[in-house]
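As a plain string of letters, each chain reads:
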Amino acid sequence: MLRVVTGPFHPDLELALVEEVRQLKAADPLAPLAVVVPSDPLRHRVKWLLCIEQKLALLDVRVLTFHQLALHLYNEQHALRGADERHLRLELAQDLLFEQLLSRIARRGLPGLAGLELSNLPPGAWPALWATVRDLKDATVDPMVALRGVNEGLFELEEVPKLQALFTIYAAVREAGRALNVGSVDDLASDVIPWVSSSRFLSRLQRICYYGFYDLTQVQLSLFESVAACAPVTLYFPLVDGPAFEFARRFFERHLGALASASEPVVPSSAGESTSARRPGEQPQVRIMNAVGPDDELTLVCKEILTLVETNHYRFAEIGVVARTLEPYQAVLRRTFDQHRIPFLSTAASPILQEPAAKALLQLARLPLTGFYRVPVLDVLTSPFYRVERHETAGIEPRPDLWRLAVGSLGITRGEEEWRRLASAGQVEMWVGEGQGQGMEPDDERIEGAGRVQIEVAQLRLLWRLVSQLIQDCRALPAQGSMADLTEAFLTLAARYLAIPGLVSDTSDEEDSSDRLAALGAAIRGVFAQLHQLERLGETVSWD
């Protein structure tokens, strides 16, 4: 039931996919189809290709990622089983939970773990260890078989202690995951494999088109084989003669060749259809250009893009920039492209802690640990996200610029006793010269200019009311408890003091927020959801 079409991705496999969808819909406009791709960016690309570029009607056509297909099959199966087995549903967990689970298993002192010296691992090594264990899971390695191979001398003698410890902790993680009923996305895919043959969703599809991959993990390969065994599948696989496709050829010959009787090389597209200037088999034009550091590299790329657009009449949408990883360029990517007036879309994601809203949350969380040090306290109170109710100001207009001067003038550094000086101080009068304020520290905000400044008593009392309430609420947080208890307590505190759209689902002012801020709030809420999952480990934690 498997048909394999081979060729280069662009433009030939793209156009072959379009043609198959067009033919199936021409024969029956209501034909149910599915297109399955490995990633969400590629899913958007395929939808754009079919809908916008080719103007096809996609009634009852599903475009799914591998994970979305597995999730659909999983939900379908549990819906058929009914309410009795809802408690057995696997909860998808992020890497953070498994990293903490590894640490907990190591502290239990299981026999056989000495080879990894887990007691000496620095905090940054746990993600690396989990990545190794996850690779074993994705490859569906049986830990008992692997341990038997170690004991039978199938590995180098000097590697035996480390391998024995690795396979032991891998087995422990698998058992703990089953006991806690948590797993990764590949655990979900593995769980649905036995249900594929009985899926009503798959049985009603007239055709399933797999597109966009040249390699698979063992779990995804097993799921693909199960789908291809019970449903009509077309696989569009990138394969042509030449060294550039050697890796794909090895994977195809080893894993996919036996599933289909023969592959069908795609008929090359006509010159009128193709947007490619080079046919497969022709050597690409390669130039090597040297630059030092991310700034210079991006500047060189931008100049090359402008040359292609202004001299060779390319469109910006026809140019792509590819890097092994975009992480080193995140800090300067937008600035450099904006300086050269180049529009762009990127899959690069900036760290969430670069966002002012996330920084304000972190400052709020650290207040008790810093002894209510004046810099983070004032950062929270002067944040654009700070939520202050009208009744709290008693009709006084807050003056954050004066607050910093007053705090410095009164010698307040940290601690509630020092902050109490705001409650008893009279009018503060001071001279500010050349951007400096009395008692200010290097990380305090500067006041430009010079002159005499008077800070009224009303401003001092207002600041004291806000600070004292903040201190009181922070001290009301539980000193220790379960991860869920501490997470919920802090979220309540954050919702009280910071107006971040999307952070709390029932926030009343979400309708007035921008999409970007709402997305940021949802991302921050996702971080708290990951922390909440650590509740399953059953440990008591503190703010320290």
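The residue count restarts for each chain, going from 1 along the sequence in the order it is written. Totals for whole chains, interfaces and linings use all residues, but because this is a predicted model, local features are given only for residues with pLDDT of at least 70 and pairs of side-chain atoms are given and counted only at 80 or more. Values shown for side chains rest on all heavy atoms present in the structure; no hydrogens or waters enter the calculation.

1. Things to note about the pairing of strand β1 (residues 2–7)
Accessibility here uses a 1.4 Å probe with only protein chains present; expressed as a share of the type maximum, an area under 20% marks a residue as buried, one over 50% as exposed, and anything in between as partly exposed. Helix and strand definitions here come from DSSP, where helices need a minimum of 4 consecutive H or I residues and strands a minimum of 2 consecutive E residues; each element is numbered from the N-terminal end. Counting buried residues in β1 gives 5 out of 6 residues, a clear majority hidden from the surface. Here 6 bridges tie β1 to strand β7 (residues 233–238), and the two strands are oriented parallel to one another. Residue pairing across strands places Val 4 opposite Leu 235, the latter belonging to β7. As defined by bridge partners, β1 adjoins strand β8 (residues 263–265) across 3 bridges and the pair is classed as parallel. Following the sheet pairing, Val 4 is matched in β8 by Ser 263. DSSP-based pairing: two strands are paired if at least 2 bridges between them are found.

2. What to know about the pattern of salt bridges
The salt bridge criterion pairs a side-chain nitrogen of Lys or Arg with a carboxyl oxygen of Asp or Glu, the two atoms within 4 Å. For the coordinates displayed, the defined rule picks out 22 salt bridges. Across the pair Glu 20 and Arg 207 runs a salt bridge, and its minimum N-O distance is 3.6 Å. Here Arg 207 lies in strand β6 (residues 207–211) and Glu 20 lies in helix α1 (residues 9–27), a separation of 187 residues in the sequence. By the burial criterion, Glu 20 is buried, and Arg 207 matches it. Note that Arg 249 is salt-bridged to Asp 241, the shortest N-O span being 3.2 Å. Through salt bridges with shared partners, a single ionic network connects Arg 3, Glu 20, Arg 207 and Glu 264.

3. Topic: the packing of aromatic side chains
Put simply, two rings from Phe, Tyr or Trp (the six-membered ring, in Trp's case) pair if the centres are within 6.5 Å, and we call them stacked under 30 degrees between planes, edge-to-face over 60, tilted for the rest. Applying the stated criterion to the full structure yields 18 aromatic pairs. A ring pair is formed by Phe 337 and Phe 344, whose centres lie 5.0 Å apart and whose planes are at 50°; its orientation type is tilted. Grouping aromatic residues by their ring pairs yields a cluster made of Phe 66, Tyr 210, Phe 213, Phe 224, Phe 237, Phe 251 and Phe 252. One residue, Arg 496, lies across the ring of Tyr 497, its end atom 4.3 Å from the ring centre. A ring is scored as having a charge over it whenever the NZ atom of a lysine or the CZ atom of an arginine sits within 6 Å of its centre and within 35 degrees of its normal.

4. Quick word on the nonpolar core
In these notes, a set of buried Ala, Val, Leu, Ile, Met, Phe, Trp, Tyr and Cys residues joined through side-chain atoms within 4.5 Å is what counts as a nonpolar core. Within the largest apolar cluster, 48 residues are counted, with the highest numbers of intra-cluster contacts made by Leu 361, Leu 364, Leu 381, Trp 419 and Ile 455. Secondary-structure elements contributing two or more residues to this core are α14 (356–366), α15 (374–381), α17 (400–409), β9 (428–432), β10 (451–455), α20 (457–475), α21 (483–497) and α22 (515–533). In terms of residue count, α20 provides more of this core than any other element does, 9 residues in total. Residues within four places of Trp 419 in sequence aside, it is in contact with Phe 372, Arg 374, Val 377, Leu 378, Val 407, Ile 412, Arg 414, Trp 464, Val 467 and Ile 471. Counting residues in hydrophobic clusters, the runner-up holds 39 residues, among them Leu 188, Tyr 210, Val 219 and Ala 231. By definition in these notes, contact holds between two residues if any of their heavy atoms fall within 4.5 Å.

5. Re the packing of α17 against α20
Fitted lines through C-alpha atoms serve as axes, helices being fitted only where they are in contact, and the angles separating the N-to-C directions of these axes extend from 0 to 180 degrees. Packing of α17 against α20 leaves a shortest axis separation of 10 Å and a crossing angle of 90°. For the element pair α17 / α20, the angle class is roughly perpendicular. Across the interface between the two elements, Trp 403, Ala 406 and Val 407 of α17 pack against Gln 459, Leu 460, Leu 462, Leu 463 and Leu 466 of α20. Gly falls in the polar group here, along with every residue not listed as nonpolar (Ala, Val, Leu, Ile, Met, Phe, Trp, Tyr, Cys, Pro) or charged (Asp, Glu, Lys, Arg). When the residues that make up the contact of α17 with α20 are grouped by side-chain class, the tally is 7 nonpolar, 1 polar and no charged. Roughly parallel here means an angle under 35 degrees, roughly antiparallel means over 145, roughly perpendicular means 65 to 115, and every remaining angle is called oblique.

6. Observations concerning helix α4 (residues 95–107)
One turn of the α-helix equals 3.6 residues, which is why residues spaced by three or four share an orientation. If you check α4, its first and last C-alpha atoms are 19 Å apart, about what 13 residues at 1.5 Å a residue would give, namely 18 Å. Here the buried face of α4 lies against α5 (125–138), α7 (160–180), β5 (182–183) and α22. Positioned one or two residues after α4, Gly 109 has a phi angle of 70°, which is positive. To estimate the expected span of a helix, count its residues, drop one, and scale the result by 1.5 Å.

7. Thoughts on a nonpolar patch on the surface
Together, Ile 352, Leu 353, Leu 362 and Val 527 line one region of the surface with nonpolar side chains, adding up to about 290 Å² of accessible area. Here Val 527 lies in helix α22. By relative accessible area, Val 527 is classed as partly exposed at 38%. Patches were defined on residues exceeding 30% relative accessible area and lacking a salt bridge, with like-charge contacts within 9 Å and nonpolar side-chain contacts (Val, Leu, Ile, Met, Phe, Trp, Tyr) within 5 Å. Here the Shrake-Rupley method, with its probe set to 1.4 Å, supplies the accessible areas, and only the displayed protein chains count as covering residues.

8. Concerning the environment of Leu 202
You can see Leu 202 is positioned in helix α9 (residues 200–203). Note on Leu 202: relative accessible area 3%, which makes it buried. In this structure, the C-alpha to C-alpha distance between Leu 202 and Leu 73, residues 129 residues apart in sequence, is 8.6 Å. Contact partners of Leu 202, with chain neighbours within four places excluded, come to Leu 69, Leu 73, Val 196, Ile 208, Val 227 and Ala 231.

9. Notes on the environment of Thr 336
Examined against the element boundaries, Thr 336 turns out to sit in helix α13 (residues 330–339). Other than its neighbours up to four places away in sequence, Thr 336 contacts Leu 298, Thr 299 and Cys 302.

10. Some remarks on the sheet that holds strand β2 (residues 33–37)
Strand order in the open sheet made by the 6 strands is β3-β2-β6-β7-β1-β8, with parallel pairing throughout. Sheet topology places β3 (61–65) and β8 at the edges, where each strand pairs with a single neighbour. Recorded for the sheet is a direction-independent mean angle of 20° between the axes of neighbouring strands. Relative to β6, β2 runs parallel, the two sharing 4 bridges. Considered in β6, the bridge of Ala 34 is made with Ile 208. Relative to β3, helix α2 (residues 40–53) is tilted by about 155°, and along the sheet it contacts β2, β3 and β6. Against the sheet, helix α3 (residues 66–81) makes contact with β2, β3 and β6, and its axis sits at roughly 110° relative to β3, the strand it touches most.

11. Thoughts on the layout of surface pockets
A cavity here means a set of 1 Å grid points, computed over protein atoms only, where a 1.4 Å probe fits but cannot escape. A pocket is an open set with protein on both sides within 12 Å along at least 5 of 7 lines, and lining residues have an atom within 4 Å of a point. Grid points are joined across faces, edges and corners, and a volume is the space filled by probe spheres set on the points. Approximately 780 Å³ is the volume attributed to the second largest pocket. When residues of the lining of the second largest pocket are traced back to their parent elements, those giving at least two are α4, α14, α21, α22 and β12 (540–542). Of the residues belonging to the lining of the second largest pocket, the class tally is 19 nonpolar, 3 polar and 3 charged.

12. Quick word on unusual backbone geometry
Here His 10 and Pro 11 are connected by a cis peptide whose omega angle stands at 5°. Despite not being glycine, Lys 55 has its phi angle at roughly 55°, a positive value. Along the chain, Lys 55 falls in the loop between α2 and β3. Take Lys 55: its relative accessible area is 67%, and that puts it in the exposed class. You will see that Phe 372, though not glycine, has its phi angle at about 60°, which is positive. Inspection of the secondary structure puts Phe 372 in the loop between α14 and α15. With relative accessibility at 4%, the residue Phe 372 sits in the buried group.

13. Here's the deal with the confidence of the model for the protein chain
Residue-level pLDDT values for the protein chain average 86, and 90% of them are 70 or greater. pLDDT is a per-residue confidence score from the predictor, ranging from 0 to 100. A low-confidence stretch, residues 270–276 (pLDDT under 50), is modelled with 6 contacts involving residues beyond four sequence positions or located in other chains. Contacts of residues 435–440 to residues separated by more than four positions or lying in other chains number 16 contacts, the stretch itself having pLDDT below 50.

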